[in-house]
Amino acid sequence: MHQFKYRDNKLFCESVDLDRIAAEHGTPCYVYSANTIRENYSRLSDSLAGVNARICYAMKANSNLAVLRLFSSLGAAFDLVSGGEIRRVAAAGGNIGTSVFAGVGKRVEEIELALRNGIFSIHVESEAELHRIDRVAGGLGRKAPVAVRVNPDVDAGTHAKITTGKSENKFGVPFDSALDIYRTAAGLENIEIRGVQIHIGSQITRVDPFVAAVGKMHPLVEELKKRYGIGYFSIGGGLGIAYEHALASGDPAWWDKEDGGGSLLTPERYGEAVVPLLKDLDLEVLLEPGRFMVGNAGVLLTRVEHVKHGAGRNFVIVDGAMNDLLRPAMYDAYHEIVPVAEAREGDSVNADVVGPICESGDCFARQRTLPQLAEGDLLAVLSAGAYGFVMAGRYNTRAMPAEVLVDGDKVAEVTARETFERIIANERIPDFL
Ligand SMILES: *Cc1c(COP(=O)(O)O)cnc(C)c1O
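Computed from a predicted model, the values in this text were never measured in an experiment.

Domain boundaries in the protein chain define domain 1 (34–291) and domain 2 (296–423). On a C-alpha basis, the centres of domain 1 and domain 2 stand 31 Å from each other. Of the residues lining the interface, 23 residues belong to domain 1; the matching set on domain 2 comes to 24 residues. When domain 1 packs against domain 2, close to 2000 Å² is buried across both sides, 54% of that on carbon and sulfur atoms. For the pair domain 1 and domain 2, the number of links is one salt bridge. Here Asp407 ties to Arg38 by a salt bridge, and the two come within 2.9 Å at their closest N and O atoms. On inspection of domain 1 and its partner domain 2, the count reaches 13 residue pairs in polar contact (both at pLDDT 80 or more). Top element by residues in the side of domain 1 that touches domain 2 is helix H2 (residues 34–47). It accounts for six residues.

Have a look at this one:
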């Protein structure tokens, strides 16, 4: 469910007209719904009521300070993947002592930063890294709390660039060598074994891959509990969202209808499937959802610059581009695109929605049926709250877009549009030129 809905023929975010946001904050601009995030958080935690669960929001999906503050106020911990993210959580007042630090290539300084900030656990991805963490902890005169990320070798049935739980991926240690690496860890002076971790991929829209992975891990987790007294099992993130029918998915009735066959992943269905597999382990269960928490809570607002009728193809050229929202170019991702002024019944066009960047990949949608559009019309690219702004860049010397947070009838610009001076601030022309 989300809170982007038409009211009086205009698209609203909660109680705020998106037209007004575009007028006041300009475009392209990300808009987030605080109450959608709150609802996503409580639905997922309610669905796991049968176990002692801790939600570590995977902040790489959307790391705006205001968004982090919101999660922190809900009681969330964080899944962190860099020193920069550790510092962001600190800047937002979040709790690092309940959070976990993941990633295949953690630098020495990042491990130090995590330990100095009292990280709850570091998720280890290789034996080499385990030895590095041991050395760094020894240097600081501390013990490093760790869990090993085990690769359960299950197919999450998702896009090749976001599947992580197959043995050919760079993530985690192979299932069959997990016990060996735990034995090594147990022998290291500055390591404290705290848990075990899996994360099998992203945008997983069925429950069976989660069931397969947790089921496969179950005997190993039991064994680790017996041998090393581990206290938690992190089952990762990866819960998918509705990209197609994104607008309709804001309506509970749509879920009732579509979910009739039991094919769509919902937090309730996820909880029903995994809780029974986890209950008897009697461990704390950590989750690391990113996309699920914020994906449907954000849109990218963009304005039509021109409508161009090419030879046999129409183009809607908008002011947003691949530098603002990379997912279509990078993952061939589908995003539903809707007009902010609700379309009247009648004429529609088939068009590609493209940005102004000199790359054929700068395309948000191909051959999409849209209402008749004209210069100045506003469009909302839906489901853009996760892996949107955080992947934005400055290609073509385009400024980073603005971000706006809506909470009921309140509106705040939580990231100002970047200025040209900021874009070039770190550049220097050397004397010898
Ligand atoms: C990216 C990532 C997540 C979050 O993935 P989502 O698909 O956004 O839920 C969780 N855990 C780890 C280790 C990750 O790398």
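Now that the structure is up, let's keep going.
Bringing the sheet that holds strand E2 (residues 10–13) into the picture now. Taken in spatial order, the three strands line up as E1-E2-E3 in an open sheet, and their pairing is antiparallel. Two strands lie at the open edges of the sheet, namely strand E1 (4–7) and strand E3 (16–17), each paired on one side alone. In the sheet, E1 pairs with E2 via four bridges, with the strands oriented antiparallel. What sits directly across from Tyr6, in E2, is Leu11.

What follows is about the site of the ligand. Taken together, the neighbourhood of the ligand is formed by 13 residues, with Lys60, Ser202, Glu288, Arg291 and Tyr387 sitting nearest. Measuring from an oxygen atom of the ligand, one finds a side-chain N or O atom of Lys60 at 2.9 Å. The contact in question runs from an oxygen atom of the ligand to an N or O atom on the backbone of Gly238, over 2.8 Å. Surface burial for the ligand is 93%, taken as the share of its 380 Å² of free accessible area covered by protein chains.

Take the pairing of strand E11 (residues 191–197) next. Burial of E11 is extensive: five of the seven residues sit out of reach of the surface. Here strand E9 (residues 144–151) pairs with E11 via six bridges, running parallel. The residue bridging Arg149 from the neighbouring strand is Gln197, located in E11. Where E11 lies against strand E12 (residues 232–234), three bridges are found, and the strand directions are parallel. Bridge pairing in E12 places Gly195 opposite Tyr232.

Rules used throughout
Residues numbered from 1 in each chain as written. Predicted model: local features only at pLDDT ≥ 70, side-chain atom pairs only at ≥ 80, totals over all residues. Heavy atoms only, no water. Domains from an automatic or database assignment. Contact = heavy atoms within 4.5 Å. Buried area = accessible area lost by both parts, 1.4 Å probe. Salt bridge = Lys/Arg side-chain N within 4 Å of Asp/Glu carboxyl O. Polar contact = N/O pair within 3.5 Å; in protein donor to acceptor, adjacent residues only side chain to side chain. Helix = DSSP H or I, 4+ residues; strand = E, 2+ residues; numbered from the N terminus. Pairing = 2+ DSSP bridges. Near = heavy atom within 4 Å. Areas by Shrake-Rupley, 256 points an atom, 1.4 Å probe, with all protein chains shown as cover. Buried < 20%, exposed > 50% of the residue type's maximum accessible area, 1.4 Å probe, protein only.

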